[in-house]
2 protein chains.
Amino acid sequence: MRPGRSQSRTQRRSQTGSSIKQLPFAPVSNPFKPMELISDDQVAMIHHTSLEVLQGIGIEVQNDRALDLFKNAGADVDDKRVRLDADLVEQLIRGLPSEFTVHARNPEKTLKVGGNQMVFATVSGPAFVSDIENGRRSGSMEKVREFVKLSHSLNIFHHEGGAGVEPLDLPESSRHLDMMFAQLTLTDKGWQPCWLNSRKRARDCIEMAKISMQMSDEELYANPALIAGINTNSPLLLDDGQADGLIEMAIAGQPVHVTPFTLAGAMSPVTVGGSLVQQNAEALAGIVLARLANSEARVFYGHFTSNVDMRTGSPAFGTPEYAQSVVISGQLARYYGIPIRSSNTTASSVVDAQATYESDMSIMACVQGHVNVMMHGGGWLEGGLTCSFEKLILDAELLQMQAAFLKPVNLDRSELGIEAMATVGAGGHFFGAEHTMERYQDAFYSPLLSDWSNFENWQDKGSKTATERANGIWKQLLKEYEKPPIDPAVEEELAAYVDKRKEEIARTGE
Amino acid sequence: MRPGRSQSRTQRRSQTGSSIKQLPFAPVSNPFKPMELISDDQVAMIHHTSLEVLQGIGIEVQNDRALDLFKNAGADVDDKRVRLDADLVEQLIRGLPSEFTVHARNPEKTLKVGGNQMVFATVSGPAFVSDIENGRRSGSMEKVREFVKLSHSLNIFHHEGGAGVEPLDLPESSRHLDMMFAQLTLTDKGWQPCWLNSRKRARDCIEMAKISMQMSDEELYANPALIAGINTNSPLLLDDGQADGLIEMAIAGQPVHVTPFTLAGAMSPVTVGGSLVQQNAEALAGIVLARLANSEARVFYGHFTSNVDMRTGSPAFGTPEYAQSVVISGQLARYYGIPIRSSNTTASSVVDAQATYESDMSIMACVQGHVNVMMHGGGWLEGGLTCSFEKLILDAELLQMQAAFLKPVNLDRSELGIEAMATVGAGGHFFGAEHTMERYQDAFYSPLLSDWSNFENWQDKGSKTATERANGIWKQLLKEYEKPPIDPAVEEELAAYVDKRKEEIARTGE
């Protein structure tokens with residue numbers, strides 16, 4: 001049996017034993033040249049103009065540890081306003097790590113971040129959850145667990161991106177612990193916490209990662225086991241909690257991206273160019289801070305620039321401007337020699353054609369622009385306010401199709417079927433050709449969601465739209481979910497940590 | 001007023017006076033490097049292997065004029081099997097025109113085909129027509145007229161691609177005349193006939209083009225005014241009518257593409273590589289024939305390679321393999337220095353997420369692969385069996401978004417808003433900034449179909465999906481349609497030609 005075929009056979013069975021056909025868990029790499037929308041000179045211009053912003057306007061930093069780090073490095077700190085000399089920034093962004101390995105509880109799911117590798121992660125952050133039967137409603141812990149199970153079951157997602165939805169039925173002060181417990185026990189994939197808004201919460205992430213991996217601080221430092229991220233409060237502000245989260249992750253050696261929230265026209269200038277200059281200034285400020293906290297920090301570039309609808313002020317996503325800013329941000333990240341994160345986004349309120357084309361625009365830009373970590377890769381709806389279970393399935397299909405597109409075409413002589421052409425002859429067909437029979441089972445990408453039946457057969461099956469079929473798929477996946485093995489002692493230790501911290505939070509408030 | 005802004009203002013009004021907001025009619029060019037999926041050596045290998053096929057296996061040609069042309073050129077003609085020496089092919093594909101201008105009745109809609117230009121054309125060929133209220137039914141002349149009006153009204157479509165749907169309520173023998181009459185009178189855009197399946201019909205296209213443009217044969221030869229295409233009957237067969245159509249167009253100097261119908265696994269080998277070798281062999285055979293008919297022929301490369309679902313034999317479209325074959329075909333066309341056509345395709349039976357992502361996959365590949373003529377750009381559904389009015393609107397949005405994505409980002413200093421950043425300050429917003437006020441009306445792409453309202457406003461407007469909104473848009477466009485000016489004498493002359501030919505067909509059968 002040829003090596004290429006044994007992998008393809010696996011394709012027809014999920015690795016989790018499900019009856020749903022999907023691609024196997026595998027790293028996705030983009031072997032093709034990244035798209036470039038602007039010249040090298042223009043990339044350098046954005047860099048230098050953002051240095052001018054950091055030096056002339058500066059950034060407000062609302063965190064004392066951060067202000068001290070900036071002061072000690074020789075920055076101009078006036079109350080909370082930090083102005084960074086261009087030379088200081090240039091010096092601090094030199095020699096940043098260009099890639100890192102992110103370890104997963106299951107070593108087969110450990111991944112490289114950087115170069116031409118792409119990591120697809122599921123959504124995090126929404127307050128609402130939706131499916132087409134029950135509509136849109138507040139997130140709950142039950143839905144968090146279901147989402148993490150689905151995130152585990154869908155092989156195309158490399159990372160559990162943040163538990164999908166906020167469990168609004170649990171107390172705000174401690175629900176991050178329950179979410180992490182779900183992420184660390186219901187899947188063995190790598191993961192991304194989404195609560196770096198205080199020093200304590202950042203420490204919770206690190207402590208629970210240590211327990212999950214059974215590692216010491218030093219071991220986790222050497223073998224990072226999560227991907228974290230912070231947002232600047234654009235324009236030009238870094239708040240207390242985000243700064244603390246960034247510093248904690250930098251010190252702990254965990255990969256952390258700095259992602260400005262630059263919605264052009266609202267939180268940044270009304271142009272793609274201006275928003276990218278501001279994004280770059282804010283990203284560099286955060287990267288410099290991480291470096292000041294730890295010169296070995298694994299810190300990388302965050303993209304989230306989109307635009308607002310100027311008639312209403314509503315944020316728009318997956319727009320042409322969004323796609324342009326993704327590709328140019330990829331050029332900026334490569335200028336700095338560091339990985340980049342972006343997202344799979346849409347503003348649509350429903351899993352329809354719009355949700356699909358806005359996501360596809362985002363994904364196309366991420367793929368063509370060589371984005372390394374695609375956050376919100378599965379399940380994001382309605383500008384990130386809603387986590388949709390049908391959208392998760394749709395996104396899995398969109399990403400599987402990209403992964404299949406990026407697989408090099410085999411042009412070996414034996415694959416070309418020249419003899420088959422001679423045998424079949426003019427006007428014949430290849431269905432029965434030996435060349436076909438040897439390959440037909442795994443010849444082409446086999447879809448998760450698409451229905452290629454003819455119209456009559458499609459009608460006979462109930463005339464279902466892709467969104468309606470997605471509903472059946474996630475339910476089937478949930479039904480067939482199997483919890484990945486976990487040492488009961490580790491699970492107990494995680495539970496004990498959650499209990500201890502909940503008790504502490506009840507007592508001290510944090 | 002700056003030049004850039006006056007164009008943007010136009011963006012808010014349709015050029016046809018409609019209340020529907022859309023981009024103005026404008027050529028679309030792709031200023032970025034084409035994507036490359038295979039190496040230059042591999043491109044040359046596909047070329048040489050296809051020459052080997054033409055020399056060793058050959059192609060069956062069911063047309064006497066074509067067989068004579070091949071014979072006279074020194075090809076090995078055995079009954080209807082034509083075997084072409086590699087040197088002969090190499091010699092005949094040298095110096096092919098790399099671009100041509102296609103004139104439209106309205107000179108503002110004259111377009112260049114070739115280089116980095118993209119021409120978007122609407123669908124042709126479906127037997128069924130559909131909209132979400134009336135469902136799927138047989139095509140009719142009434143629907144042809146409505147479709148051509150919409151094709152005219154949507155600025156993003158540069159060309160009327162073939163009247164949308166077959167008018168099955170009219171006699172098969174003469175309905176092509178009614179379709180062309182609609183194309184030549186209801187829009188002033190360039191056009192593409194879809195009935196090159198006999199010498200007489202090809203001549204009808206040319207004669208009606210001459211009347212429409214009020215040109216002699218010589219003038220039309222010098223100033224081509226339509227884009228034609230033929231299909232080979234894959235595998236390796238060129239039938240009588242298609243060969244005649246190709247020869248007529250070559251002689252008349254009208255741009256014509258040769259498009260093999262290579263559905264991998266059925267009409268070509270079960271691999272992308274093998275299907276591309278066969279596609280290339282068939283395309284070269286047609287290109288060589290056009291050149292033998294007229295050494296100045298404006299002939300170009302046709303891509304239609306996709307794959308079938310190997311479980312059912314159903315054709316699949318907009319698949320990862322389809323996208324790979326588009327991009328590689330672009331590489332092949334550039335190897336020959338000629339323009340290339342491809343298509344915007346989907347196998348979905350309904351205008352849903354699947355229709356959207358399969359179309360998006362096709363469009364992404366066409367854009368990244370520098371396809372020059374995108375046929376079936378608007379309205380194609382269900383593997384080309386159905387012309388959907390809602391899909392036409394959806395496709396217009398997908399293509400508008402690509403056009404906006406391809407517009408170079410303005411990075412002039414004045415656009416960056418550095419002063420606005422200083423004024424707005426940390427944590428503020430840009431809504432009221434002077435830099436914003438000067439630009440906000442035309443700052444961003446304004447969608448045709450997307451709804452960026454928040455959830456509550458979207459609900460208040462009736463919780464409509466994009467497909468439901470598309471229904472409202474095409475109806476509004478039809479209501480507001482204005483027939484472009486046409487000299488009544490020209491319209492009469494066209495009508496008289498149609499009458500004369502119908503009488504002739506009734507009498508002689510063709």
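Residues numbered from 1 in each chain as written. Chains lettered and ligands numbered in written order. Predicted model: local features only at pLDDT ≥ 70, side-chain atom pairs only at ≥ 80, totals over all residues. Heavy atoms only, no water.

A few words on the overall build of chain A. Looking only at helices and strands, chain A has 19 helices and 22 strands in total. The C-alpha radius of gyration computed for chain A amounts to 24 Å, which stays within 12% of the reference 24 Å derived for 510 residues, consistent with globular compactness. Seen through its C-alpha atoms, chain A measures out along the principal axes to roughly 80 × 55 × 50 Å. Within chain A, buried positions represent 65% of all 510 residues. Of all intrachain contacts in chain A linking residues separated by at least 6 positions in sequence, the fraction that spans at least 24 positions is 74%. The centroid of the 47 positive side-chain charges in chain A is displaced by 4 Å from the centroid of its 65 negative side-chain charges. (Helix = DSSP H or I, 4+ residues; strand = E, 2+ residues; numbered from the N terminus. Rg over C-alpha atoms; globule rule 2.2 N^0.38 Å. Buried < 20%, exposed > 50% of the residue type's maximum accessible area, 1.4 Å probe, protein only. Contact = heavy atoms within 4.5 Å. Lys, Arg positive; Asp, Glu negative; His and termini not counted. Charge placed at Lys NZ, Arg CZ, Asp CG, Glu CD.)

This part takes up the interface of chain B and chain A. Contacts between the two partners involve 108 residues from chain B and, on the opposite side, 108 residues from chain A. Of the roughly 9,000 Å² buried between chain B and chain A, counting both surfaces, carbon and sulfur atoms make up 69%. Area buried by chain B at its contact with chain A is led by Tyr-357, Phe-444 and Trp-452 of chain B, which between them contribute 10% of it. The salt bridge partner of Arg-413 of chain A is Glu-52 of chain B, with a shortest N-O separation of 2.5 Å. For the interface between chain B and chain A, the tally reads 27 residue pairs in polar contact (both at pLDDT 80 or more). Sort the elements by how many residues they give to the side of chain B that touches chain A and helix 12 (residues 353-368) of chain B lands first, with 9 residues. In the side of chain B that touches chain A, the residues fall into 55 nonpolar, 32 polar and 21 charged. (Buried area = accessible area lost by both parts, 1.4 Å probe. Salt bridge = Lys/Arg side-chain N within 4 Å of Asp/Glu carboxyl O. Polar contact = N/O pair within 3.5 Å; in protein donor to acceptor, adjacent residues only side chain to side chain. Nonpolar A, V, L, I, M, F, W, Y, C, P; charged D, E, K, R; others polar.)

A few words on helix 10 (residues 272-293) of chain B. With 22 residues, helix 10 of chain B should reach 32 Å at 1.5 Å per residue; the first-to-last C-alpha distance of 31 Å fits that figure. The element helix 10 of chain B is largely enclosed, with a buried count of 20 among its 22 residues. (Expected span 1.5 Å × (residues − 1).)

This part covers the sheet that holds strand 17 (residues 306-308) of chain A. Within a beta sheet, neighbouring strands are joined by backbone hydrogen bonds and run either parallel or antiparallel to one another. Residues and elements named next belong to chain A. The strand order 15-17-18 describes an open sheet built from 3 strands, whose pairing is mixed. Of all the strands in the sheet, the pair left with one neighbour each is strand 15 (263-264) and strand 18 (315-316). When strand 15 meets strand 17, the two strands line up parallel, connected through 2 bridges. Across the sheet, Leu-263 pairs through a bridge with Ser-306, a residue of strand 17. (Pairing = 2+ DSSP bridges.)

Once that is clear, we can look at the packing of aromatic side chains. Per the stated rule, a full pass over the model turns up 20 aromatic pairs over all chains. Geometrically, the ring pair formed by Phe-100 of chain B and Phe-300 of chain B is tilted, given 5.6 Å between the ring centres and 55 degrees between the ring planes. Remark: Phe-300 of chain B occurs in strand 16 (residues 299-302) and Phe-100 of chain B occurs in strand 5 (residues 99-102); sequence separation between them is 200 residues. Given the relative accessible area of 0%, Phe-300 of chain B is considered buried. Through a chain of ring-to-ring contacts, the aromatic side chains of Phe-261, Phe-304, Phe-317 and Trp-380 of chain A assemble into a single cluster. The ring of Phe-128 of chain B is capped by Arg-136 of chain B, whose NZ or CZ atom sits 3.8 Å from the centre of that ring. The residue whose ring lies beneath Arg-298 of chain B is Tyr-221 of chain B, and the NZ or CZ to ring-centre distance is 5.9 Å. (Phe/Tyr/Trp six-rings, centres within 6.5 Å; stacked < 30°, edge-to-face > 60°. Lys NZ or Arg CZ within 6 Å of the ring centre and 35° of its normal.)

On to the packing of helix 13 (residues 389-405) of chain A against helix 11 (residues 320-336) of chain B, then. Remark: helix 13 of chain A packs on helix 11 of chain B, axes separated minimally by 8 Å, with the N-to-C direction vectors making an angle of 45 degrees. In terms of orientation, helix 13 of chain A and helix 11 of chain B fall into the oblique class. As for how helix 13 of chain A packs across helix 11 of chain B, the hand of that crossing is right-handed. Residues Met-401, Ala-404 and Phe-405 of chain A of helix 13 of chain A touch helix 11 of chain B, and the partners they reach there are Pro-320, Ala-323, Gln-324 and Val-327 of chain B. (Axes fitted to C-alpha atoms, helices over the stretch in contact; angles between N-to-C directions. Parallel < 35°, antiparallel > 145°, perpendicular 65-115°, else oblique. Left-handed = near helix turned anticlockwise from the far one by under 90°.)

Moving on, we get to unusual backbone geometry. All names here are of chain A. Of note, the amide linkage connecting Ser-234 to Pro-235 takes the cis form, showing an omega dihedral of 0 degrees. Examined against the element boundaries, Pro-235 turns out to sit in the loop between strand 12 (228-232) and strand 13 (237-238). In this structure, Gln-214 is a non-glycine residue whose phi angle is positive, near 55 degrees. Mapped onto the fold, Gln-214 is located in the loop between helix 7 (199-213) and helix 8 (217-222).

Once that is clear, we can look at the environment of Ala-396 of chain B. All names here are of chain B. Position of Ala-396 among the secondary structure elements: in helix 13 (residues 389-406). Note: C-alpha distance between Ala-396 and Leu-23 (373 residues apart in sequence) is 9.9 Å. With residues up to four places along the chain from it excluded, the contact list for Ala-396 reads Leu-154, Ile-156, Phe-157 and Leu-448.

What follows covers the sheet that holds strand 8 (residues 128-131) of chain B. Residues and elements named next belong to chain B. Ordered by their spatial adjacency, 4 strands build an open sheet running 9-8-22-21, and the pairing between neighbours is mixed. Two strands in the sheet have a free side with no partner beyond their single neighbour: strand 9 (135-138) and strand 21 (380-381). The sheet contact formed by strand 21 and strand 22 (residues 386-388) spans 2 bridges and is antiparallel. Paired with Trp-380 across the two strands is Cys-387, which belongs to strand 22.

For the structure shown, the criterion picks out 58 salt bridges over all chains. Here Glu-248 of chain B and Arg-65 of chain B are joined by a salt bridge, their closest N and O atoms 2.8 Å apart. With Glu-248 of chain B in helix 9 (residues 240-252) and Arg-65 of chain B in helix 3 (residues 64-72), this pair connects stretches of sequence that are 183 residues apart. Of the residues examined, Glu-248 of chain B reaches a relative accessible area of 5% and is grouped as buried. Ionic pairing is found between Lys-200 of chain B and Glu-504 of chain B, a salt bridge with its closest N-O pair at 3.5 Å. Residue Lys-200 of chain B is found in helix 7 (residues 199-213), and its partner Glu-504 of chain B is found in helix 19 (residues 488-508); the two are separated by 304 residues along the sequence. Note on Lys-200 of chain B: relative accessible area 31%, which makes it partly exposed. Overlapping salt bridges, with partners in common, bring together Arg-65, Arg-199, Arg-203, Glu-207, Lys-210, Asp-217, Asp-244 and Glu-248 of chain A in one network.

This part takes up the pairing of strand 14 (residues 256-260) of chain A. Residue and element names in this part refer to chain A. Within strand 14, 5 of the 5 residues are buried, leaving the element largely enclosed by the surrounding structure. Across the two faces of strand 14 the burial is the same, with Val-256, Val-258 and Pro-260 and His-257 and Thr-259 all buried. Examined bridge by bridge, strand 12 and strand 14 share 5 bridges and lie parallel to one another. By the bridge assignment, Ile-230 is partnered in strand 14 with Val-258. For strand 14 and strand 16 (residues 299-302), the ladder comprises 3 bridges, and the chain directions are parallel. Bridge assignment links His-257 to a residue of strand 16, and that residue is Phe-300.

A few words on the relation of the copies chain B and chain A. With an axial shift of 0.0 Å and an RMSD of 0.0 Å, the rotation relating chain B to chain A amounts to 180 degrees. Put plainly, the chains are arranged around a two-fold axis. Of every C-alpha in chain B, the one belonging to Ala-353 of chain B sits nearest the axis of rotation, 2.4 Å from it. (Least-squares fit on C-alpha atoms with pLDDT ≥ 70 in both.)

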